[in-house]
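For reference, the chains in residue letters:
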Amino acid sequence: MKKNSFAFLLLLFSSFNSSRGQDINISNSIDNKSFDPSTTLWYRSPASVWEEAIPVGNGRLGAMVFGKYGEERIQLNEETYWSGGPYSTLVKGGYKVLPEIQKDIFQGNPIKAHKLFGRYLIGYPVEQQKYQALANLILSFKNEKDVNGYKRWLDLKTGITSVQYTVNGVTYLREVFSSAPEQTIAIRLTADKPGSVSFTAELHGERNSSMSNYATDYFRMDGVGNDGLRLSGKSGDYMGIEGKVRYEARLKAAAEGGTVKVDDNDLIIENADAVTLYFVAATNFINYKDVSADCQERVDKYLKGIEGKSYNWIKEAAVKDYKSLFGRVTITLPSTMTSYLPTDERLKSFAAAPDPQLASLCYQFGRYLLISSSRPGTQPANLQGIWNKDMNPSWDSKYTTNINTEMNYWPAETGNLSELTEPLIKMVKELTDQGGQVAKEHYGARGWVFHQNTDIWRVAAPMDGPTWGTFTVGGAWLTTHLWEHYLFTLDNDYLKEVYPIIKGSVEFFMDFLVEHPNGKWLITNPSTSPENPPKGPGYRYFFDEVTAMYYFTTICAGSSIDMQILTDLFGYYVKASEVLGLDKDFAGMVTKARARLVPPQIGASGALQEWSDDLDQMEDKHRHFSHLYGLYPGNVISAKRTPELTDPVKKVLEQRGDGGTGFSRAWKMSLWARLYDGNRAYKIFQGYINEQCYPQLFAKCYTPLQVDGSFGVTAAITEMLIQSHEGVIDLLPALPDDWADGSINGVCARGAFELKFSWKAREVTSVEILSKAGQSCRLHAGNLSFVKNNGKKVKVTKHSDGTVEFDTEPFKIYKLGKD
């Protein structure tokens, strides 16, 4: 048994008072409805299920906080804890069968082509590895069956979640955050009466018992000294791949007053004034090829890093780090009485009671999730970010790249979180390793290729089966994020770094493209329009030998999304070569090939075709909008540049409807925003809130929790307020009626511009622009056309389309007003 020293109490005394005071202020602001409804989530009851818990994260360590009394559960993740170990799914010699597959597709034998692709080109193992749950921290409190004044909240301005309630006249407060500077999750427990904090903590491991009673993973739970717990273990084998990830997690208690002791697996605190629990964890993962690190050594280093630091110091450092990212952008829309309701009640009331500010909260929650799940040096955000309670999560909680991973990063650049794309950019670089091998062995091509899924081991071959695996443009789509990062930063050194990756993708498709039977077009073959089976000659329900089930094939030649992604890829590759002065001859060849790609086709129904051939679809309400990639997030279809395609695009949107999964609705919001219909985008947002959004604003994929829709909604709200993909910064391009007044500060635009602007009665009233690269700025800001820099008038060119253009200098601010 351990008594805390007087010196240690002195060290922590100030942190006890100051941290509790800050959270009491937030609690009071909730009570008197003076909090900021654009950055505060709050609830009157604990989470009843994991999907209602509140997330915290530092990019590497994540927690889902239930906020329970009696027995609290904090579910924990470490981003590199996956099943298996380094492996490859390469199948050698597949390219020898490729011509036969292409012939079968052209001759109307898709099922025969499907079978050949499944036998010779699908990677092996056919599936990939799983992101794993790490642990659960259980805090057991006595005599807490009935409580009063319960509330829990998440303050997006600080990244701290808290819970408060009163039992037997004592008010208890807990706060939890995940610190990036100290690489720890801190749990702080206080009470307003000395000696009132008593509980037992247990650190539980997870095992994949569905694989067998004991599986091949294991964990051990131990006490450490008089004030800590240890959880250690290994990952499970899966699909013949040995589980090679080793991990260690530690919990350490710092109590103020009272006693601390360890009894086997129990950490017991009695009669303390306050307690801070520090959770640290690490694995042996170094990179996708190397798992030779010492996880215990890493954990010891993290614990040593917080030694001698007060809770308040650790909290202030974490909040300062977090605010340096989150505080870059503020958004304000009209608030109503509904805006101050508990968040779950706000969601339920949204369809009937006006609450424009709820969109601001969703916008900022998406930014919060990205800060919490994707930091420089970490892994990219996966299907569930970094939060996962299951050993067999939906779709393995990996990286699905026929929409989901890309959507995770849609709000990064506009949301002024550009550096948080580093993990995604690094992953693309790593994918070129096996991607280059797959290009050679599966397709007989140069460069690199990647398909619709990968995991932490960066496998690149087609997977799941030909119905899903023939998506050869997964890597090409990811490279658009590399280019977008350049457009928002204009960093030529960065462009030099990623240029070989973009060129490698182009090289693959220059070899892979084949001539269409009409002799005019170049197309991909085989191809697919993600997950949507076409309906036409040769397509039927059949028993697939790869998946061992009845289903349809999606294999085809020249899907519309392929053609649109390659139109973008070839276009920005040529621009990159011009900027860097490289590969002029090859760029010329790419330009000629781009001109032969299948242009968007309009079918007999008047709708934009999903395939090069005018085929029907098996699922008329399909969740994907693959053939509208060119409108958003791509830049092939435009209401301004290709007006002849506007009605065909609308026919697709109307036919598919406004429903679907969370990610599908988020995508539809952006698509309608690109068509300048803010009210339709807002209507879809209302449906999303009502049907595909969990109480803490995580998106649903029908039922499973996914982060993509949350990120997609943030991006869509941006598209409604500002667009810059047409070479012009367009303010309020798709403003819904309910957002008549508002402001946004810190949002970014292509050309390396950062903007602050306000509007009233749907008219822009003020604009400030920070030019980061000194480029010419062209924008549409309503009636504002007078430009000043440092009080001096700036020469402006007024264009016939209502835009104004002016030269800028790096890191100068330009203000717009009326003439």
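Structural data are supplied above this passage.
Here the structure is a predicted model, which means the values were calculated and not measured.

K.L.:
I'd like to hear about the sheet that holds strand 32 (residues 753-760), residue by residue, with values.
P.N.:
Taken in spatial order, the seven strands of this open sheet run 18-31-32-33-39-35-36, and their pairing is antiparallel. Of all strands in the sheet, those with a lone pairing partner are strand 18 (330-332) and strand 36 (792-793), marking the two edges. With three bridges joining them, strand 18 and strand 31 (residues 742-749) adopt antiparallel strand pairing. Within the sheet, the bridge partner assigned to Thr 330 lies in strand 31 and is Asn 745.

K.L.:
Kindly report on the nonpolar core, identifying the contributing residues and their values.
P.N.:
Across soluble globular proteins, you tend to see nonpolar side chains buried next to one another. Among the nonpolar cores identified, the biggest contains 229 residues, and Leu 277, Leu 755, Val 767 and Leu 779 are the most heavily contacted of them. Here this core gets eleven residues from one element, more than from any other, and that element is helix 13 (residues 560-580). Aside from chain neighbours lying at most four places away, what touches Leu 779 is Val 728, Ile 729, Leu 731, Val 767, Ile 769, Thr 803, Val 804, Phe 806 and Leu 816. Grouped together as the second largest cluster of nonpolar side chains are 15 residues, Ala 254, Tyr 302, Ile 314 and Val 319 included.

K.L.:
Explain a nonpolar patch on the surface residue by residue, including any values.
P.N.:
On the surface, a cluster of nonpolar side chains totalling about 380 Å² of accessible area is made up of Tyr 541, Phe 543 and Tyr 550. Position of Phe 543 among the secondary structure elements: in strand 24 (residues 542-544). The exposure class of Phe 543 is partly exposed, given its relative accessible area of 47%.

K.L.:
Just give me the short version of the sheet that holds strand 2 (residues 40-43), but keep the residues and values in it.
P.N.:
Note on sheets: strands pair through backbone hydrogen bonds, and any given pair is parallel or antiparallel. Pairing is antiparallel in the open sheet, where nine strands are placed in the order 2-7-8-9-10-17-14-13-12. Sheet topology places strand 2 and strand 12 (218-224) at the edges, where each strand pairs with a single neighbour. The mean angle between the axes of side-by-side strands here comes to 15°, regardless of whether they run parallel or antiparallel. Sheet topology note: the strand 13 (residues 228-234)/strand 14 (residues 246-256) ladder contains seven bridges and is antiparallel. If you follow Gly 233 over to strand 14, its bridge partner there is Tyr 247. Set on the sheet, helix 4 (residues 295-306) makes contact with strand 10 (184-191), strand 14 and strand 17 (274-283); between it and strand 17 the angle comes to about 150°.

K.L.:
How would you summarise the environment of Phe 811 if you had to cite specific residues and measurements?
P.N.:
Mapped onto the elements of the fold, Phe 811 is located in the loop between strand 38 (804-806) and strand 39 (812-817). A C-alpha to C-alpha distance of 21 Å links Phe 811 and Leu 731, two positions 80 residues apart in sequence. Contact partners of Phe 811, with chain neighbours within four places excluded, come to Leu 770, Ser 771 and Lys 772.

K.L.:
Would you mind going over the packing of aromatic side chains in detail, with residue names and values included?
P.N.:
Using the criterion set out here, one finds 41 aromatic pairs in the structure. Geometrically, the ring pair formed by Trp 82 and Tyr 131 is tilted, given 5.5 Å between the ring centres and 45° between the ring planes. Taken together, the residues Trp 82 in the loop between strand 5 (71-78) and helix 2 (98-106) and Tyr 131 in the loop between helix 3 (110-120) and strand 6 (135-140) connect sequence positions 49 residues apart. Here Trp 82 falls in the buried class, since its relative accessible area comes to 0%. Judged by relative accessible area, Tyr 131 falls into the buried class, the value being 0%. With centroids separated by 5.2 Å and ring planes inclined at 70°, the aromatic side chains of Phe 543 and Tyr 550 adopt a geometry described as edge-to-face. Residue classification places Tyr 550 among the exposed residues on the basis of a relative accessible area of 51%.

K.L.:
Tell me about the packing of helix 9 (residues 422-443) against helix 12 (residues 492-512), and please be specific about residues and values.
P.N.:
It is the contact of helix 9 with helix 12, at a shortest axis distance of 11 Å, that shows an interaxial angle of 25°. The pairing of helix 9 with helix 12 is recorded here as roughly parallel in orientation. Crossing hand, helix 9 versus helix 12: left-handed. Where helix 9 approaches helix 12, its residues Ile 425, Val 428, Lys 429, Thr 432, Ala 439 and Tyr 443 are matched on the opposing element by Tyr 494, Glu 497, Val 498, Ile 501, Phe 508 and Phe 512.

K.L.:
Lay out the environment of Phe 711 with the relevant residues and their values.
P.N.:
Summarising the element assignment, Phe 711 is placed in helix 18 (residues 708-721). Separated by 301 residues in the primary sequence, Phe 711 and Trp 410 place their C-alpha atoms 6.9 Å from one another. What Phe 711 contacts, discounting residues up to four positions off in sequence, is Gly 366, Leu 369, Leu 370, Ser 373, Ala 381, Met 407, Asn 408 and Pro 411.

K.L.:
Describe the pairing of strand 3 (residues 54-57), with residues and values.
P.N.:
Burial of the side chains of strand 3 extends over both faces: Ile 54 and Val 56 are buried on one face and Pro 55 and Gly 57 on the other. Alignment of strand 3 against strand 4 (residues 61-65), held across four bridges, turns out to be antiparallel. In the strand pairing of strand 4, Gly 57 is matched with Gly 62. What sits between strand 3 and strand 4 in their antiparallel hairpin is a turn of three residues, with Gly 59 showing a positive phi close to 95°.

K.L.:
Can you break down the packing of helix 2 against helix 3 residue by residue, with the values?
P.N.:
Packing of helix 2 against helix 3 brings their axes to within 7 Å, and their N-to-C directions diverge by 160°. With respect to their mutual orientation, helix 2 and helix 3 come out roughly antiparallel. Here the hand of the crossing between helix 2 and helix 3 comes out left-handed. Listed contacts from helix 3 to Glu 100, Ile 101, Asp 104 and Ile 105 of helix 2 are Pro 110, Lys 112, Ala 113, Leu 116 and Phe 117. Class assignment of the residues belonging to the contact of helix 2 with helix 3 gives a composition of six nonpolar, no polar and three charged.

Conventions and cut-offs
Residues numbered from 1 in each chain as written. Predicted model: local features only at pLDDT ≥ 70, side-chain atom pairs only at ≥ 80, totals over all residues. Heavy atoms only, no water. Pairing = 2+ DSSP bridges. Helix = DSSP H or I, 4+ residues; strand = E, 2+ residues; numbered from the N terminus. Core = buried A, V, L, I, M, F, W, Y, C linked by side-chain atoms within 4.5 Å. Buried < 20%, exposed > 50% of the residue type's maximum accessible area, 1.4 Å probe, protein only. Contact = heavy atoms within 4.5 Å. Patch = residues over 30% accessible without salt bridge, like charges linked within 9 Å, V, L, I, M, F, W, Y side chains within 5 Å. Areas by Shrake-Rupley, 256 points an atom, 1.4 Å probe, with all protein chains shown as cover. Salt bridge = Lys/Arg side-chain N within 4 Å of Asp/Glu carboxyl O. Axes fitted to C-alpha atoms, helices over the stretch in contact; angles between N-to-C directions. Phe/Tyr/Trp six-rings, centres within 6.5 Å; stacked < 30°, edge-to-face > 60°. Parallel < 35°, antiparallel > 145°, perpendicular 65-115°, else oblique. Left-handed = near helix turned anticlockwise from the far one by under 90°. Nonpolar A, V, L, I, M, F, W, Y, C, P; charged D, E, K, R; others polar.

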